[in-house]
Structures are given as C-alpha cells and as structure tokens.
Amino acid sequence: MRLLIVEDEKRLANSLAKGLVAEGFVVDVAYDGLTGLDRALSGEYDLILLDIMLPGRNGYRVCADLRAAGSEVPVLMLTAKDGEYDEAEGLDTGADDYLTKPFSYVVLLARIRALLRRRTRGAAPVIELGDLRVEPAAHRVFRGSDEIELTAKEYAVLEHLATNAGQVVSKLQILDHVWDQSYDGDPNIIEVYVSALRRKLDTPFGRKAITTVRGSGYRLARDGG
C-alpha cells in the first residue's frame, strides 16, 4: 500500500512517515498544498493523509480539486482546527475521515486501516496461484498449508509480482511500486529481495515460481511454479 502525507510540519510528517514505513507501507511526503496536489494527481496512492492548514493551497482546496479531477483515493484530513463546522467542511469537500491534532498514533493507524479495508472490500481478498496463496488484507503467504514468514518489503515485492502473475515486471516497476520517491539507491536491490523470496517460496518446496527474464525483469508463474 502506498500512502501520501501532505503536512507542512516537517517533524510531524517525517515522524509519521517513519512509523508507517515500519508498518510496511510505502510513504511519500509533500510539505505544501501545491506539491501535494501535484503528487496526488500524478501518483498511484492508496490513501492520502492531508493537513488542512497548508502553504500554497489549503487542504480543503486540495481535496476539492482531487475530487473534481475524478480521484477517488481515500483522504484522511489532519488538522489542529477543532469544531463540528470545520469537520463538516472537510467532509463536504470530499474527505473520507477527519482527525484532530494532537492525535494518538494508534488511533491514526486504525483509521488508516479502516479506510483501506473499506476501499478494497470489493476486491478479491486472496490471490491463489496453484498452491501459492497470497492474502493482501492480512499480509500472509502460504505454500499449501505452510505459512511463509516474509519481511514487509519481501511481502510487498511478492504481492506486486502476484498481482501481475504471468506478466514480466521490470525492476523499475517494482521500485516504483514498493519503494518511496526518495529512494535513490541501486535498482539491483530488487535482486536481493527476489533471491530471498526464492529461498523461502521455491527452494524448500522444489519449485521455480519466480523466473528471471533477461534484460526485462521477473515473472511469477500463474500456477505458482
């Protein structure tokens, strides 16, 4: 899941990003309304955390512009303003939920997960490829009856491959989906995670589910290998 935080308090924004990354999310951050709107319109985000009092363009306008452009991405508004009229204005512009500062990180995480569950409720809860089973809602993976323990990044790489099973997925596509925009390291980091997935998903079971397509990327077999 990829999140966008639009918050001008840099310490808060970076703290939230660090915590959410530890929870397994991919997180991008914008510190003003114009940059936030531009990223929200051009990026593929599953949820946006949007402050109201922003330089350049306030959160109400950013949300209204998103909805006017046809975006249905869930928006959770964060604000120091309090009162039912402020909340009503936020919801009227198209926000899905509203949280007043200071807030509990535990409550914020629960609200995020609730919005994401609501968004994906109509989607298939499980990806089954032969005896390989990926459960996006629970972040669990099984090979037959055996549960496979994966790190957050390993799971994210696998889910992207599973969602595109049978198709070739390039390293850059995986980087764009799983790592945030600030990552400027070696794209070959993908090889490390693919090798780890093979050690956990294939080798113990005598399978070859993930193949390398030279010069192009990787393919996860539709039948699970």
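Small disclaimer: the values here were computed from a predicted structure and weren't measured.

## Focus on the pairing of strand β3 (residues 47-51)
Step number 1: Counting buried residues in β3 gives five out of five residues, a clear majority hidden from the surface.
Step number 2: Along β3, one buried face is formed by L47, L49 and D51 and the opposite face, lined by I48 and L50, is buried too.
Step number 3: Relative to β3, strand β1 (residues 2-6) runs parallel, the two being bridged by four bridges. For L3, the partnering residue across the bridge sits in β3 and is L47.
Step number 4: Pairing of β3 with strand β4 (residues 75-79), which is carried by four bridges, proceeds in the parallel orientation. Bridging from a neighbouring strand, L50 pairs with M77 of β4.
Step number 5: Crossover connection from β3 via helix α3 (residues 59-68) to parallel β4: handedness right-handed.

## Concerning the UniProt feature "modified residue: 4-aspartylphosphate" (unreviewed entry) in the chain
Step number 1: In the UniProt entry, the feature "modified residue: 4-aspartylphosphate" (unreviewed entry) is given for D51.
Step number 2: Tracing the sequence through the fold places D51 in strand β3.
Step number 3: Among the residues examined, D51 registers a relative accessible area of 3% and is labelled buried.
Step number 4: The residues contacting D51, other than those within four sequence positions of it, are V6, E7, D8, G59, L78, T79 and K101.

## Some details on α3
Step number 1: Along α3, the residues that are buried comprise G59, Y60, V62, C63 and L66. Down the axis of α3, the buried set is contained in an arc of 165 degrees. They therefore lie on one face.
Step number 2: At the N-terminal end of α3, a side-chain oxygen is found 3.0 Å from the backbone nitrogen of Y60, two or three residues along, and the residue is N58.

## Comments concerning the pattern of salt bridges
Step number 1: For the structure shown, the criterion picks out 16 salt bridges.
Step number 2: Among the salt bridges present, the one from K101 reaches E9, with a minimum N-O distance of 3.3 Å. Note that K101 is positioned in the loop between β5 (97-100) and α5 (105-120) and E9 in the loop between β1 and α1 (10-22), a separation of 92 residues in sequence.
Step number 3: A relative accessible area of 14% places K101 in the buried class.
Step number 4: Note that E147 is salt-bridged to R140, the shortest N-O span being 2.9 Å.

## What about the environment of M53?
Step number 1: Along the chain, the position of M53 falls in the loop between β3 and α3.
Step number 2: Residue classification places M53 among the exposed positions, given a relative accessible area of 52%.
Step number 3: Linking M53 and E7, residues 46 residues apart in sequence, is a C-alpha distance of 8.4 Å.

## A short note on the sheet that holds strand β12 (residues 217-220)
Sheet strands pair via backbone hydrogen bonds, and the direction of the pair is either parallel or antiparallel.
Step number 1: Across the sheet, three strands lie side by side as β10-β12-β11; this open sheet has antiparallel pairing. Looking along the sheet, the strands with just one partner apiece sit at the ends: β10 (168-169) and β11 (210-213).
Step number 2: The strands touched by helix α6 (residues 152-163) are β10, β11 and β12; relative to β12, the strand with the most contacts, the crossing angle is about 70 degrees.

Conventions used here
Residues numbered from 1 in each chain as written. Predicted model: local features only at pLDDT ≥ 70, side-chain atom pairs only at ≥ 80, totals over all residues. Heavy atoms only, no water. Buried < 20%, exposed > 50% of the residue type's maximum accessible area, 1.4 Å probe, protein only. Helix = DSSP H or I, 4+ residues; strand = E, 2+ residues; numbered from the N terminus. Pairing = 2+ DSSP bridges. Right-handed = clockwise from strand over helix to strand, strands pointing away. UniProt positions renumbered as here; feature names shortened; annotations may be inferred. Contact = heavy atoms within 4.5 Å. Arc of directions from axis to C-beta. Polar contact = N/O pair within 3.5 Å; in protein donor to acceptor, adjacent residues only side chain to side chain. Salt bridge = Lys/Arg side-chain N within 4 Å of Asp/Glu carboxyl O. Axes fitted to C-alpha atoms, helices over the stretch in contact; angles between N-to-C directions.

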